[in-house]
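# Close look at the chain arrangement
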Amino acid sequence: MTIRTPCIFASVYIVFHASVLCRHKSNGMPAWSIPALHKRECEVFNYLGIWEDRSICKAGSVAWPTSELQLIRAVAHTVQNNHKIRVVSIYSHSLSKLVCVENEGLIISTQNYDSVIQVNRKAMTITVQGGTLMRDVIEVAAKHGLALPAMPYITGVSAAGVISTGAHGSSLAGKGSGVYEYVVGMRIVVPASPSQGYAKIITLTEADADL
């Protein structure tokens with residue numbers, strides 16, 4: 001996703017967004033602390049540590065993509081097998097069990113999908129990957145004499161999360177306080193037909209009505 005402001009923002013690569021803490025069944029470690037890209041039999045907990053019905057929520061596997069190609073492959077494999085997908089960030093949380101994907105589903109963490117922060121001072125834009133924390137975007141923007149026109153007071157949110165949840169500040173200036181209002185470009189990984197490899201990238205710009 002790319003955002004423009006009187007100051008600036010960024011381009012984020014997004015899928016869909018959900019939230020939770022995921023711990024690997026074998027050792028109880030948080031999912032984000034396990035170095036492998038995929039782990040089987042993952043138990044999912046919300047940030048309170050328990051669901052309202054006291055039951056256990058499981059996921060068939062969890063992925064930590066570091067590149068767009070890895071993200072596409074993870075989505076394609078899951079779509080091909082007709083399983084559910086949810087996406088979480090490093091500080092993910094969820095009060096409800098909407099994040100549950102059942103025993104064969106996949107949870108994608110954007111924790112390691114955060115290596116891109118590209119500033120275009122002339123165009124007044126910043127391009128970032130979906131897992132990039134907004135506090136890092138703010139810091140990089142400041143070094144270039146730029147700032148975001150709107151942001152929620154919680155800086156621990158990711159770029160994909162702040163857009164997909166409709167996060168906002170409290171200003172009426174410019175386009176308003178919704179961070180999403182300043183997005184000027186986005187690359188989204190979405191499910192696709194078998195002939196398209198089960199996953200594809202959609203690129204949206206300011207010229208697209210869908211953006």
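About the thresholds
- Residues numbered from 1 in each chain as written.
- Predicted model: local features only at pLDDT ≥ 70, side-chain atom pairs only at ≥ 80, totals over all residues.
- Heavy atoms only, no water.
- Helix = DSSP H or I, 4+ residues; strand = E, 2+ residues; numbered from the N terminus.
- Contact = heavy atoms within 4.5 Å.
- Areas by Shrake-Rupley, 256 points an atom, 1.4 Å probe, with all protein chains shown as cover.
- Salt bridge = Lys/Arg side-chain N within 4 Å of Asp/Glu carboxyl O.
- Buried < 20%, exposed > 50% of the residue type's maximum accessible area, 1.4 Å probe, protein only.
- Pairing = 2+ DSSP bridges.
- Expected span 1.5 Å × (residues − 1).
- Core = buried A, V, L, I, M, F, W, Y, C linked by side-chain atoms within 4.5 Å.
- Arc of directions from axis to C-beta.
- pLDDT = per-residue confidence, 0-100.

## A word on the overall build of the protein chain
Helix and strand counts for the protein chain stand at 3 helices and 11 strands. N-terminal to C-terminal, the α/β element order of the protein chain is β-β-β-β-β-α-β-β-β-β-α-α-β-β. Put simply, 57% of the contacts in the protein chain that link residues at least 6 apart link residues at least 24 apart. Roughly 10700 Å² of accessible area belongs to the protein chain as shown, and the carbon and sulfur atoms make up 54% of that amount.

## A closer look at the pattern of salt bridges
Applying the stated criterion across every chain, the model contains 1 salt bridge. Here Glu68 and Arg187 are joined by a salt bridge, their closest N and O atoms 2.6 Å apart. Of the two residues, Glu68 sits in helix α1 (residues 68-80) while Arg187 sits in strand β10 (residues 183-191), which places them 119 residues apart along the sequence.

## Examining the pairing of β10
For β10, the tally of buried residues reaches 7 of 9 residues, placing the bulk of the element in the interior. Where β10 lies against strand β11 (residues 199-205), 7 bridges are found, and the strand directions are antiparallel. Bridge assignment links Met186 to a residue of β11, and that residue is Leu204.

## Some points on α1
Its 13 residues give α1 an end-to-end C-alpha distance of 18 Å, which sits within 8% of 18 Å, the value for a rise of 1.5 Å per residue. On its buried side, α1 packs onto β5 (57-63), β6 (85-88), β7 (106-109), β10 and β11. Note on α1: the residue one or two positions beyond its end, Asn82, has a positive phi of about 60 degrees.

## Section: unusual backbone geometry
One non-glycine residue with positive phi stands out, namely Asn82, at about 60 degrees. Mapped onto the elements, Asn82 comes out in the loop between α1 and β6. Residue class for Asn82 comes out exposed when judged on its relative accessible area of 71%. One non-glycine residue with positive phi stands out, namely Tyr198, at about 75 degrees. Residue placement: Tyr198 occurs in the loop between β10 and β11.

## Regarding the nonpolar core
Of all hydrophobic cores here, the largest spans 18 residues; its most connected members are Met134, Met151, Val162 and Ile163. Counting residues per element, this core draws most heavily on β10, at 4 residues.

## Quick look at helix α2 (residues 134-143)
Within α2, burial applies to Met134, Val137 and Ala141. Taken around the axis of α2, the buried residues stretch over an arc of 50 degrees, which confines them to a single face. Residues Ala142 and Lys143 are exposed on α2 and point more than 90 degrees away from its buried face. Among the structural elements, β9 (125-128) and α3 (159-164) are those in contact with the buried residues of α2. Following α2 by one or two positions, Gly145 adopts a phi angle in the positive range, close to 75 degrees.

## Side note on the confidence of the model for the protein chain
Taken as a whole, the protein chain shows an average pLDDT of 76; of its residues, 75% reach a score of 70 or greater. Ranking the elements of the protein chain by mean pLDDT puts strand β2 (residues 12-14) last, at 34, and β11 first, at 93. Scored below 50 in pLDDT, residues 5-37 shows 143 contacts in the model against residues more than four places distant or in partner chains.

## Focus on the environment of Gly176
Checked against the element boundaries, Gly176 lands in the loop between α3 and β10. Assessed through its relative accessible area of 13%, Gly176 is described here as buried. Sequence spacing of Gly176 and Ala150 is 26 residues, and the spatial spacing of their C-alpha atoms is 7.6 Å. Look past the residues within four positions of Gly176 in its chain and what remains in contact with it is Ala150, Ser171 and Tyr182.

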